[in-house]
Amino acid sequence: MPKAYVFTRYGGPETEALVEADRPGPGPGEVLVAVRAAGVNPVDWKQRTGYRRPGESDTRTFPAVFGNEVSGVVEEIGAGVDGIAVGDAVFGNTVAGGYAEYALLPVTVTAHKPAGLSFPDAAALPVAAATAYDGVRQLDLPAGATLLVTGAGGGVGSAAVQIARALGLRAVGVASEGKKDFVESLGALHVPSGSDLAARVRAAVPDGVDGVYDLIGGDVLAEAATLLDDPAKLITAGAPAPEVEKLGGARVERARNSAVLDEVARLVVSGRLDPHVTRTFPLEQAGEALRTVEDGHARGKIVIEVTA
């Protein structure tokens, strides 16, 4: 039987297991994909603890499969699916988990994988890169403006820096001192994370910043907000809406559509965006892959590869 990596209840790593699972069947508007790669994100382990996105109800049943983004080959299509056929290489967001040999994808958030895009790189795009793209577009800064990205060494942050650069913006990346070389390799000015962040940013960028894309929340978000003349140019994917709204900013508004996936794929193929898949794990080591992200020290993207 097909295998999947699941959590059996809300809790810690002790709830995780690699199990045999029935091959799912696609419903209307869905495609069944033989998974070739699955992206690993902080939201994955957070969901294991019971975390829900803002406005999301708890409809999860157990065992629940980890993962929110995959790439693979279409095995079956559901009713009402147009433009995608069996045998197509695709990538997208999942219906109910992706650390598995098979996964269901809604056709509305599924895109064709370009030939020049590898399966691991494609699997790294639907969550991190798409979130980065949505946020940079939401800020709508003019070419030449300066964007500050907090958490610039992670999956979303590193993508946001590169997308900003591709759109003609100057990028300033906040990350730990250990990620300085990485952030600078993305084309950003690095500012070390830590206390008194605002003072360090002002010293590094005397002419100020025009927008802030926050991925941390808390004190970092609050300090970054003081750097802006226009609080409407503050967005976050690292804090709940009330936390950022009291500062005059907003949550990132996710488009969650195929058009965004097509665009980030084009950026990768054109060489303007590197997903920076720094390490891959086989499905049998999905727990180790998840720990690498959960520990908070991962650089770039971690991906699980599934043998065809």
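One can find the structure itself at the top, above this paragraph.
Note that this is a predicted model, so its numbers are computed, not measured. Numbers given for residues are sequential positions, taken from 1 along each chain in its written order. Reporting in this predicted model follows two pLDDT cut-offs: at least 70 for local features of residues, and 80 or more for side-chain atom pairs to be given and counted; totals over whole chains, interfaces and linings ignore these cut-offs and use all residues. As a convention, hydrogens and water are excluded, and side-chain values are obtained from all of the structure's heavy atoms.

A. Spatial organisation of the packing of helix α3 (residues 125–139) against helix α9 (residues 258–269). To get an axis, fit a line to the C-alpha atoms, keeping to the stretch in contact for a helix; angles then go from 0 to 180 degrees between the N-to-C directions. Under the scheme used here, helices are H or I runs from DSSP no shorter than 4 residues and strands are E runs no shorter than 2 residues, and both carry numbers assigned from the N terminus. For the pair α3 and α9, the least separation of the axes is 10 Å and the interaxial angle reads 95 degrees. What the angle tells us is that α3 and α9 run roughly perpendicular. Contacts between α3 and α9 involve L125, P126, A129, A130, Y133 and D134 from the first element and V260, L261, E263, V264, A265, L267 and V268 from the second. All amino acids are sorted into three groups, where Ala, Val, Leu, Ile, Met, Phe, Trp, Tyr, Cys and Pro are nonpolar, Asp, Glu, Lys and Arg are charged, and the leftover types, Gly among them, are polar. Tallied by class, residues from the contact of α3 with α9 come to 11 nonpolar, no polar and 2 charged. The labels follow the angle: roughly parallel below 35 degrees, roughly antiparallel above 145, roughly perpendicular from 65 to 115, and oblique for the rest. Contact definition: two residues touch when any of their heavy atoms are within 4.5 Å.

B. Just the nonpolar core, in detail. Side-chain atoms within 4.5 Å are what join buried Ala, Val, Leu, Ile, Met, Phe, Trp, Tyr and Cys residues into a set we call a nonpolar core. Partly exposed describes any residue whose relative accessible area lies between the buried limit of under 20% and the exposed limit of over 50%, with all areas from a 1.4 Å probe on protein chains only and scaled to the type maximum. Judged by nonpolar contacts, the single largest core of 42 residues is most densely connected at L125, L147, V149, Y213 and L273. Elements with a minimum of two residues in this core: α3, β9 (146–150), α4 (155–166), β10 (170–175), α5 (180–185) and α9. In terms of residue count, α3 provides more of this core than any other element does, 8 residues in total. When residues no more than four places from it in sequence are discounted, the contact partners of L125 are E69, F91, L117, A130, V264, A265, V268 and P275. With 28 residues, the next largest nonpolar core counts V40, L283, L290 and I302 among its residues.

C. Just the sheet that holds strand β12 (residues 211–214), in detail. Should DSSP find at least two bridges between two strands, the strands are taken to pair. Within the open sheet, the 6 strands sit side by side as β11-β10-β9-β12-β13-β14. Their pairing is parallel. Edge strands, defined here as strands with exactly one partner in the open sheet, are β11 (189–192) and β14 (250–251). Here strand β13 (residues 234–236) pairs with β14 via 2 bridges, running parallel. If you follow T236 over to β14, its bridge partner there is R251. Packed onto the sheet, α3 meets β9, β12, β13 and β14 and runs at close to 155 degrees relative to β12.

No statement about biological role is implied by the geometric values presented.
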